[in-house]
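# Descriptive analysis of the structure
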Amino acid sequence: MWLLQSSIGKKLIMSISGLFLLVFLLLHMSVNFVSIISGEAYNEACHFMGTNIFVQIMVPVLAAGFVIHIIYACVLTLQNQKARGSDKYASSSKTKVPWASKNMFVLGIIVLGFLGMHLMHFWTKMQLSEWLGEEQALGYTLVSALFKNPLYAVLYLVWIWALWFHLTHGFWSAFQTIGLNNGKWIPRLKVIAYIYATVIAVGFTIIPIFFWLVPGK
Amino acid sequence: MDKTINITLKIWRQKNPKTKGNFETYPLKNISIESSFLEMLDILNEQLIHEGKEPVVFDHDCREGICGMCSLYVNGHPHGPDEDVTTCQLHMRKFKDGATITVEPWRSAGFPVIRDLMVDRTAFDKIIQAGGYVSVNTGGVPDANSIPISKINADEAMDSASCIGCGACVAACKNASAMLFVSAKVSQLALLPQGRIEAAHRAKAMVAKMDELGFGNCTNTGACEAECPKNISISNIARLNREFLTAKIKD
Ligand code: HEM
Ligand code: SF4
Ligand code: FES
């Protein structure tokens, strides 16, 4: 099957799963943002996420999206290392390329590490407990308590900026992979990639800073 | 008199594909900065022959930047530190007096070393044989405007056709991907009516051959474009992806 066997087929899988995750991130950030505006509205949004039928269907789809993206990240990275050959260059490469583009796998791993912690801290206590019919922790209380822990807040920031780098390359790369690109659009998509990545990263960053700076919250 | 420099060369020596190679260091004195990099290597080889040693083997042919035979990974750059030139067009004025210059062969699983700095690039010929042609004779130069071709397409086809098949793109790529080469060869024909007819088959066959020969998967780092002596653009890679994916989806 060409989709699973050819290089471009595998890259298509990477691209589609990546684009899907990009959309998810935007949604996730929007919901988080509500927590700054109003604690009550945020708790309501959390409840909605735990009960709405469409959201419940999308959760396994999202999980599958992640799993596929990660599996293919490993497959492609291993194949590429093999293609590089057993004898390595002695002089380190001086070719100028964006740093993120060379480090997509490492950046992905950082994102993944945090993802595990994140699911443990929030997802099990919020969406999962809603499913199990247990009493759902109030999203708002949970968030403000965790972010008061400086270690957690710092890890969170590391994660966000690893994600920023991943997205600055991933965003335009995904379009290039499906062939929706040309000489005119390559520079444009790169700019849009920076805008998108920055909106996501700043959006996610404002939240812990907010909980630090506003003691009453 | 030309200005001259003294340099130290660190060169990869390897007897044959099977044996393990190693770096040898050669000091070289009074090299004119006007000489080309390959002329400098000729001087080294002359010196080695006089000393009764084996000369360094490297690929070259036209020495005017058009044949694609020369290679060499010089100080971390395929074709050396100069922009948009092949190694034969690289000059010694790009190096400082007293510099140490590291010279290595192209490295990738698809290009095994034959000897010293010479690698086997027949993989590229095999990819071309898989579909990089038009099957019918399209005759001589047609009358102007007898087949209308837009200026944009004509220009882009010409730009893609300037690829000389040197393999610097593979050498530069962290994934040893041959996508820049293959996309240039697919584009130069896909953009013109004579090549359009077989475009779908060509894209599929050439990509299949490229994968089979052990080149890596493109992750769009753009290292190829940065090092290509002919400035082939990665917009060709987007076109190849498009050609390949539409051909497969139509099947
Ligand atoms: C929310 C999380 C994530 C998003 C939004 C995301 C998005 C993307 C996008 C859009 C691409 C570009 C695809 C292409 O070039 O066609 C990409 C590539 C990549 N991602 Fe992710 N990703 C995420 C998480 C991860 C994780 C957890 C890993 C784990 C290892 C990972 C590893 C990679 C690698 C290695 C590539 C480059 C693969 C290639 O170009 O062949 N990503 N990602
Ligand atoms: S695309 Fe550029 S670097 Fe690659 S083979 Fe052609 S001329 Fe050489
Ligand atoms: S020797 Fe022909 S391009 Fe360099």
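Check the entry above for the structure.
Rules of the game
- Residues numbered from 1 in each chain as written.
- Chains lettered and ligands numbered in written order.
- Predicted model: local features only at pLDDT ≥ 70, side-chain atom pairs only at ≥ 80, totals over all residues.
- Helix = DSSP H or I, 4+ residues; strand = E, 2+ residues; numbered from the N terminus.
- Expected span 1.5 Å × (residues − 1).
- Buried ≥ 20, exposed ≤ 12 C-beta atoms within 10 Å, placed from the backbone.
- Near = placed C-beta within 6 Å.
- Nonpolar A, V, L, I, M, F, W, Y, C, P; charged D, E, K, R; others polar.
- Contact = placed C-beta atoms within 7 Å.
- Axes fitted to C-alpha atoms, helices over the stretch in contact; angles between N-to-C directions.
- Parallel < 35°, antiparallel > 145°, perpendicular 65-115°, else oblique.
- Left-handed = near helix turned anticlockwise from the far one by under 90°.
- Core = buried A, V, L, I, M, F, W, Y, C linked by C-beta atoms within 7 Å.
- Domains from an automatic or database assignment.

## Let's talk about helix α2 (residues 7-37) of chain A
- With 31 residues, α2 of chain A ought to run about 45 Å at 1.5 Å a step, and its terminal C-alpha atoms sit 46 Å apart, in line with that.
- Among the residues of α2 of chain A, those classed as buried are S7, I8, K10, K11, L12, M14, S15, S17, G18, L21 and S35 of chain A.

## Let's talk about the site of ligand 2
Residues and elements named next belong to chain B.
- In the vicinity of ligand 2 there are 14 residues, among which C163, C166, A168, C169 and C228 approach most closely.
- When residues of the shell around ligand 2 are traced back to their parent elements, those giving at least two are α4 (168-172) and α5 (179-190).
- Looking at which element gives the most residues to the shell around ligand 2, the answer is α5, with three residues.
- In terms of residue class, the shell around ligand 2 is built from 11 nonpolar, two polar and one charged.

## Notes on helix α7 (residues 199-212) of chain B
- Given a rise of 1.5 Å per residue, 14 residues ought to cover 20 Å, and the 20 Å separating the end C-alpha atoms of α7 of chain B matches this to within 8%.
- Within α7 of chain B, burial applies to R202, A203, K204, M206, V207, K209, M210 and D211 of chain B.
- Elements in contact with the buried residues of α7 of chain B: α2 of chain A together with α2 (122-129), α5 and α9 (235-250) of chain B.
- Of the residues flanking the end of α7 of chain B, it is G214 of chain B, one or two places downstream, whose phi is positive at about 90°.

## Digging into the interface of chain A and chain B
- Listed by partner, the interface residues are 37 residues for chain A and 41 residues for chain B.
- Elements with a minimum of two residues in the side of chain A that touches chain B: α2, α4 (53-83), α5 (99-102) and α8 (150-178) of chain A.

## Quick notes on the site of ligand 1
- The local shell around ligand 1 holds 28 residues, among which S15, G18, L21, G108 and G170 of chain A are the closest.
- This site is not confined to one chain, since residues near ligand 1 come from chains A and B.
- Contributions of two or more residues to the shell around ligand 1 are made by α2, α4, α6 (104-131) and α8 of chain A.
- In terms of residue count, α2 of chain A provides more of the shell around ligand 1 than any other element does, eight residues in total.
- Considered class by class, the residues forming the shell around ligand 1 number 15 nonpolar, 12 polar and one charged.

## A short note on the packing of α5 of chain B against α9 of chain B
Residue and element names in this part refer to chain B.
- One way to put it is that α5 packs onto α9 with a least axis distance of 8 Å and a crossing angle of 70°. Accordingly, the angle class assigned to the pair α5 and α9 is roughly perpendicular. Residues M179, L180, V182, S183, A184, V186, S187 and A190 of α5 form the contact with α9, whose participating residues are N236, I237, R239, L240 and E243.
- Of the residues in the contact of α5 with α9, the class split is eight nonpolar, three polar and two charged.

## As for the packing of α8 of chain A against helix α9 (residues 185-213) of chain A
All names here are of chain A.
- Where α8 meets α9, the axes come as close as 8 Å, and the angle between the chain directions of the two elements is 165°. When the axes of α8 and α9 are compared, the pair comes out roughly antiparallel. When you trace α8 past α9, the crossing you get is right-handed.

## Some points on the nonpolar core
Residues and elements named next belong to chain B.
- C169, V170, A178, L180, F181, V182 and M206 are the most contacted members of the largest nonpolar core, which has 70 residues in total.
- It is α5 that provides the largest number of residues to this core, a total of eight residues.
- If you count residues domain by domain, this core takes at least three from each of domain 1 (4-114) and domain 2 (121-250).
- Apart from residues lying up to four places away in sequence, L180 is in contact with C169, C224, E225, C228, I232, I234, N236 and I237.

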